[in-house]
Every structure is written in structure tokens, then in C-alpha cells.
Amino acid sequence: MKQIDSLNTRESEEYVYVRERAAIERLIQRIGVAERVAVDTEADSLHNYFEKVCLVQLSLGGAHYLVDPLCGLDLNGLLEALADKPLILHGGDYDLRMMRASMGFRVRREVFDTMIAAQLLGFEQIGLAALIERYFDITIGKGGQKSDWSRRPLSENQLRYAVNDTRFLERLADRMHGELSARGRVDWHRESCRAMVESSGRDHAREPENAWRIKGAGRLTRRQLAYLRELWRWRDQHARSANLPAFRVLGNQEILGLVRWAESYPGVPLHQGPKLLRNIIGAQLTTLGEAIARVARMDETEWLEPRQRDHEAPRNDCIEEIKSLRVECAQIAQELEIAASTLAPRAALEAIARSRPRTVDEIMKTGGLLRWQAELVQGAVEKCLHSTRLS
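This one's a predicted model, so the numbers in the text were calculated from it and none came from an experiment.

Student: How should I be thinking about the overall build of the protein in this particular structure?
Tutor: Scanning the protein from terminus to terminus reveals 17 helices and eight strands. Taken along its principal axes, the extent of the C-alpha atoms in the protein is 70 × 70 × 40 Å. Taking all 391 residues of the protein together, the buried fraction comes to 47%. Taken as a whole, the protein presents about 20,600 Å² of accessible surface, with 47% of it coming from carbon and sulfur. Each charge sign in the protein was given a centre, from 57 positive and 56 negative side chains, and these centres are 3 Å apart.

Student: Help me understand the packing of helix H9 (residues 222-242) against helix H12 (residues 282-296), please; the structure alone is not making it clear to me.
Tutor: How two helices pack is summed up by the angle between their axes together with the distance between the axes. Axis separation between H9 and H12 bottoms out at 9 Å; the angle between their running directions is 155°. Taken as axis vectors, H9 and H12 run roughly antiparallel relative to one another. Judged by the twist between their axes, the crossing of H9 over H12 is right-handed. On H12, the residues touching Arg-223, Ala-226, Tyr-227, Glu-230, Leu-231, Trp-234 and His-238 of H9 are Gln-284, Thr-287, Leu-288, Ala-291, Ile-292, Arg-294, Val-295 and Ala-296. When the residues that make up the contact of H9 with H12 are grouped by side-chain class, the tally is nine nonpolar, three polar and three charged.

Student: Teacher, can you tell me more about the sheet that holds strand E2 (residues 16-18) here?
Tutor: Hydrogen bonding along the main chain pairs the strands of a sheet, whether they run parallel or antiparallel. Taken in spatial order, the six strands line up as E2-E5-E4-E3-E6-E7 in an open sheet, and their pairing is mixed. Across the chains shown, the open sheet's two edge strands, defined by having one partner strand only, are E2 and strand E7 (111-113). If you compare each strand with its neighbour and ignore which way they point, the axes differ by 25° on average. Here strand E3 (residues 37-43) pairs with strand E6 (residues 87-89) via two bridges, running parallel. Its bridge partner lying in E6, Val-37 is registered against Leu-87. In the packing of helix H1 (residues 21-32) onto the sheet, the strands contacted are E2, E3, strand E4 (53-60) and strand E5 (63-67), and the crossing angle to E4 comes to about 45°.

Student: When you look at the pattern of salt bridges in this model, what are you seeing that I'm missing?
Tutor: Taken as a whole and assessed by the stated rule, the structure comprises 22 salt bridges. Across the salt bridge formed by Arg-356 and Glu-321, the nearest N and O atoms sit 3.2 Å from each other. Separated by 35 residues along the polypeptide, Arg-356 in the loop between helix H15 (346-355) and helix H16 (360-367) and Glu-321 in helix H13 (residues 319-336) bring together distant segments of the chain. Of the charged contacts in the structure, one is a salt bridge between Asp-361 and Arg-371, with a shortest N-O distance of 2.6 Å. Placement of the pair is Asp-361 in helix H16 and Arg-371 in helix H17 (residues 371-390), with a sequence separation of ten residues. For Arg-371, a relative accessible area of 34% puts it in the partly exposed group.

Student: For this particular structure, what's the right way to read the packing of aromatic side chains?
Tutor: Aromatic rings in a pair are described by how distant their centres are and how their planes are angled relative to each other. Enumeration over the complete set of coordinates arrives at seven aromatic pairs. Here the aromatic residues Phe-123, Tyr-135, Phe-136 and Phe-168 are joined through ring pairs into a cluster of three or more. Arg-171 extends its terminal NZ or CZ atom over the ring of Phe-136, reaching a point 5.0 Å from the ring centre.

Student: Explanation requested: the nonpolar core in the structure shown.
Tutor: Here is a general trend for soluble globular proteins: nonpolar side chains tend to be buried in one another's company. Ranked by size, the top nonpolar core spans 83 residues in total, and within it Leu-27, Ile-31, Val-39, Leu-58, Leu-82, Met-176 and Leu-343 carry the most contacts. Those residues in contact with Met-176, other than ones at most four positions away along the chain, are Phe-112, Thr-114, Ala-117, Ala-118, Leu-121, Phe-123, Leu-131 and Tyr-135. By size, the runner-up hydrophobic cluster in this structure holds 29 residues, among which are Ile-255, Trp-261, Ala-262 and Met-298.

Student: Would you explain H13 in this entry?
Tutor: An α-helix turns once every 3.6 residues. As a result, residues three or four positions apart point the same way. Across its 18 residues, H13 extends 26 Å between first and last C-alpha, which sits within 8% of the 26 Å expected from 1.5 Å per residue. Buried residues of H13: Glu-321, Ile-322, Leu-325, Cys-329, Ile-332, Ala-333 and Leu-336, and no others. Buried residues of H13, seen end-on, are gathered within an arc of 100° and therefore sit on one face of the element. Turned more than 90 degrees away from the buried face of H13, the exposed residues are Glu-320, Val-327, Gln-334 and Glu-335.

Student: When you look at the side chain of Arg-185 in this model, what are you seeing that I'm missing?
Tutor: Mapping Arg-185 onto the fold places it in the loop between helix H7 (169-182) and helix H8 (186-200). Notably, Arg-185 is buried but unbridged: the nearest opposite-charge side chain belongs to Glu-337, and the N-O separation is 6.0 Å. In contact with Arg-185, not counting residues within four places along its chain, are Leu-120, Leu-121, Leu-180, Leu-336 and Ile-338.

Student: What should I look at first to understand unusual backbone geometry in this one?
Tutor: With the exception of glycine, most residues fall at negative phi, and the peptide bonds are largely trans. With an omega of 0°, the peptide bond running from Arg-152 to Pro-153 counts as cis. Within the element layout of this structure, Pro-153 appears in the loop between strand E8 (138-140) and helix H6 (156-167). Not every positive phi belongs to a glycine, and Asn-243 is a case in point at roughly 50°. Turning to its location among the elements, Asn-243 is positioned in the loop between H9 and helix H10 (246-249). A relative accessible area of 27% means that Asn-243 is categorised as partly exposed. The phi torsion at Glu-337 lies on the positive side, around 60°, for a residue other than glycine. Position of Glu-337 relative to the elements: it lies in the loop between H13 and helix H14 (340-343). Judged by relative accessible area, Glu-337 falls into the exposed class, the value being 53%.

Student: Any chance you could explain the environment of Phe-247 here in plain terms?
Tutor: Inspection of the secondary structure puts Phe-247 in helix H10. Using a relative accessible area of 47% as the deciding quantity, one classes Phe-247 as partly exposed. For the pair Phe-247 and Gln-334, spaced 87 residues apart in sequence, the C-alpha separation works out to 38 Å. The contacts of Phe-247, once residues within four sequence positions are left out, are Ser-45 and Leu-46.

What counts and how
Residues numbered from 1 in each chain as written. Predicted model: local features only at pLDDT ≥ 70, side-chain atom pairs only at ≥ 80, totals over all residues. Heavy atoms only, no water. Helix = DSSP H or I, 4+ residues; strand = E, 2+ residues; numbered from the N terminus. Buried < 20%, exposed > 50% of the residue type's maximum accessible area, 1.4 Å probe, protein only. Areas by Shrake-Rupley, 256 points an atom, 1.4 Å probe, with all protein chains shown as cover. Lys, Arg positive; Asp, Glu negative; His and termini not counted. Charge placed at Lys NZ, Arg CZ, Asp CG, Glu CD. Axes fitted to C-alpha atoms, helices over the stretch in contact; angles between N-to-C directions. Parallel < 35°, antiparallel > 145°, perpendicular 65-115°, else oblique. Left-handed = near helix turned anticlockwise from the far one by under 90°. Contact = heavy atoms within 4.5 Å. Nonpolar A, V, L, I, M, F, W, Y, C, P; charged D, E, K, R; others polar. Pairing = 2+ DSSP bridges. Salt bridge = Lys/Arg side-chain N within 4 Å of Asp/Glu carboxyl O. Phe/Tyr/Trp six-rings, centres within 6.5 Å; stacked < 30°, edge-to-face > 60°. Lys NZ or Arg CZ within 6 Å of the ring centre and 35° of its normal. Core = buried A, V, L, I, M, F, W, Y, C linked by side-chain atoms within 4.5 Å. Expected span 1.5 Å × (residues − 1). Arc of directions from axis to C-beta.

Below you can see the structure in the form of C-alpha cells.
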């Protein structure tokens, strides 16, 4: 097996680092005559609160380019040229969202997503490194995954790591398209990629009033929810002011632990509190103590109510139908050799069971499924939600 790490492999060194106007103009010309372009990005979400695209990797016709969007040059011409080409990405939803938010980029042509292809082919391991190893018997290094891509200069190690994210995508897309075609799933893939692109072009802003409801909030009491909201706001304020990702100020599990401690030990000074606070000192510790004290003084009427979600508690009158529908769809997925969640997520099946749609269009609307998914589960919907009620 061939290995391409980020160090001394000649193949991994063949790229152009684009930081000057002349290089950008040459790249625009190259994109103009290319049939398609493989794209990936590196962002700084692990290191900054206000995340942004810090590097754009492009591969086309066997040539590889690393474009530095932080170099101060106008990239509008490059982005326009890119938008007019079919693109290949792996797990492209995040990349396209980030490129839209950071650079105003929007796709105008079709996209081939190799991660979606892997799901539709029923692969258990769908990461890019796993696919490269599967198809080309090559192992690529992962040493740059947690790099701070916003810092300059970027090291040779980082650049060599980054280029491998697009180096194989053109060949990979060709191989996977062939397999999708052989199994009659090209239309599934095309529709799935189109839906991904459309989703990436929409704003998915969190509801400001509920942004603090992190995973695990549903198991908290009303008073604990009040602590959670106050502590989340404290964390968000400090993360913003320091331009740090929230988890680097205080992780979600640490917040939940602090919520339970604050309720259990009212009035106890924070310096005598959980060990998780050992790195919080000075003004941060003072304002954290003030946040906890505000909740401790709250009247019971000010405590918060749990948020009710329809999908969290299925109605008693359709629990059996949900179970039956899930079993039937799992059988369909098994026959297709894909994951049940790829065919239809659990939440979609619960929504379908509650609404009892019949037609493909109704199933799509009720369950939020794509047409290929709705067509495949329509028979199961009819069998589990309609035929059984007549017997």
C-alpha cells in the first residue's frame, strides 16, 4: 500500500500556492477551459468564534492549486469562474456554506459529492481517507486536521496535507459514478446532491431565544434550565470577546456539570467548585459567579419551561405504526444494501406515521424526503399505515 503523508513524498509536493494577482489570473484562465473542478476548503472553526474560509483547494485536469483567501487579493473573478463549472466535493455541505458566508460564493452548475455517493453505494466508511484507500490503495496522512488555518505563514506540512483533500477527487468521482450507474442510482445521487446544494444556500440561523438549549437540555429541570441559559450566555459573551470557539471557553458537558453543581451547592464560592473551572480565573471567574448568583435569586415563577418537540414523544395512537414502518423500511434498506437512515431518517418515518400520507408527493412533503426516497418507501407506507387499518 502506498502512503502519502505530509512529509517527504514528491507527489504531495506538486501544487501551486496562489497568493499573487498574476497567479490568480492564470488560474482563472485554467478554470475557464476545464471540464470540472474539485474543491475543498480549510476553515478556522476550531480556533476562532467568527469562523471563515482560510484556504481553498482546487484540482483540475491533474493540476492542484491552493488559494489563500487571506492574502488581501480580490477573488471575485476566481469565484465567478468557479461558479460556472461542475464541481466535485466530499461532504460539500459545510464547504459550500462556508464559501457562501465568507466569500459570497454560490454554485450555478451541478455538484458531484463523493460522500453522498459512498452512502448511496452502501459503504460503511464514507470518509475521504477511507475512500482513497478503498479505490487506490493509498493511505493519506491526517496531520493537519486540527491546524489553525487562520495563522500565517502556513507550513509546508499544512500545505501538503491540504492538497490531498482534492488531489484524488476527480478520479474518485469517475470510479464512483461508474458504480452508481451500474446499480441504477445515478438519479438518486443527482437529486441528493442538488438537495445538498440547495440546503447549503439557505440560512440556517439558530433561533436566538433557544440557541442555549444544547444537547442534554431536555433532561433538565425548570430551575436547571434557568442555570443553563445563564451559563450559556456567559460562555457566548466571553467566546465572542476573545474570538474563541465556545468549546474552548467551556464545553457543553462542562456546562451541564456546572448546572447540576450550582443547583446542588447554592452559595458555595466558585473557587471551591468543580475542577472543571481550574482554567477560569480573574474577571471570567467573577462574572461566572455573578451569572450563577442571578439564577439563585430567581423566583420559581422565573424558571424556564422545557421545550416541547413533536418528534420527541410520538402519540400513543401511532407507536405501533411507527415500529412497523421502521421495520419495513429497514428491510428495504437491507435489500438495497444501504443504511436505513440513508433511505429514510427515523424522524421522517415518525412524521409520516402521524400524518398518514399516500402519494409520493405527500410522503415527500410530510417526511421531508427526496423523490427517490419517497418512491422506495411508498409501498411500506401503504402496507403499514393503510392496508392494516382495513383488515
